[in-house]
Each structure stands twice: as C-alpha cells, then as structure tokens.
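If you want the building blocks of each chain, they are given just below.
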Amino acid sequence: MASAESQPRFGQSVKGLLSDKVGSCSGDVIALTRQVLKGSRSQELLGHAARNMVIQEDAILHSEDSLRKMSIITTHLQYQQEAIQKNVEHSKNLQDQLRHLLK
C-alpha cells in the first residue's frame, strides 16, 4: 500500500516539475522573441540611419560645390572691382588733362 500511495505523489511531483520546466521554457521563448524583435528594430533603425547619412552626405557635397562656385564668383568680382578702380583713376587723370587743356 505504501508504494501505491507513493505512486500518485511521485506522479504529481513529476507533473509539477514538468509544469515548472514548461513554464521556464515558455519564459525563455518569450525572452528570445523579445530579443529577436529588439534586434529587428535595431536593424531597422540602423537602416534609417544609413539612409539619412547618405542624404546628409549628398547635401554636404552639394554645399561644398556651391561654396566652390561662390569662391570663383568672388574672385571674378574682385577682378572687376580692381578694373573699375583703375578706370576711375584713369578717368580722373583724363579729366585733369582736359581741364588743363581747356584753361
């Protein structure tokens, strides 16, 4: 009889252990699923960051090209300013010569 009474207790003990293991495995599966989803989200964020970086790189290159063109324009404007100053000085000399001739 003692063995008959220990049989149900042993069965209940095994069922309890099995239930605990199933619960533990379920928790591990849930944790793994969360980690996979987190990794997937991280990958998605990295993809967005890479696309944004490419867009920013294009904007930087465009800005660099614009600055180079503005530098060229500035140089040309400086040449024109120098030419205008020389012409103003030359015209002052011509005016002085004309006044001298008209006297």
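What counts and how
- Residues numbered from 1 in each chain as written.
- Predicted model: local features only at pLDDT ≥ 70, side-chain atom pairs only at ≥ 80, totals over all residues.
- Heavy atoms only, no water.
- Helix = DSSP H or I, 4+ residues; strand = E, 2+ residues; numbered from the N terminus.
- Rg over C-alpha atoms; globule rule 2.2 N^0.38 Å.
- Buried < 20%, exposed > 50% of the residue type's maximum accessible area, 1.4 Å probe, protein only.
- Lys, Arg positive; Asp, Glu negative; His and termini not counted.
- Charge placed at Lys NZ, Arg CZ, Asp CG, Glu CD.
- Salt bridge = Lys/Arg side-chain N within 4 Å of Asp/Glu carboxyl O.

Trainee: Tell me about the overall build of the protein chain, and please be specific about residues and values.
Mentor: Along its length, the protein chain carries 1 helix and 0 strands. Relative to the globule expectation of 13 Å for 103 residues, the C-alpha radius of gyration of the protein chain, 44 Å, shows a markedly less compact shape. With the C-alpha coordinates of the protein chain rotated into their principal frame, the extents come out at 150 × 15 × 10 Å. A total of 103 residues make up the protein chain; the buried ones form 0% of that total. For the protein chain, the distance from the average position of its 13 positive side-chain charges to the average position of its 11 negative side-chain charges is 3 Å.

Trainee: Talk me through the pattern of salt bridges; I want residue IDs and the actual numbers.
Mentor: Pairing is possible between side chains that carry opposite charge, provided their charged atoms lie close to one another. The tally for this structure, following the rule as stated, stands at 4 salt bridges. Among the salt bridges present, the one from Asp65 reaches Arg68, with a minimum N-O distance of 2.7 Å. In this pair, Asp65 and Arg68 are both assigned in helix H1 (residues 2-102), 3 residues apart and thus about one turn of the helix distant. According to the relative accessible area criterion, Asp65 is partly exposed, its value standing at 28%. The closest approach of N and O atoms between Lys69 and Asp65, which form a salt bridge, is 3.4 Å. Residue Lys69 and its partner Asp65 are both found in helix H1; the two are separated by 4 residues, about one turn of the helix. A network of salt bridges, in which partner residues are shared, links Asp65, Arg68 and Lys69.

Nothing here speaks to function; it is all geometry.
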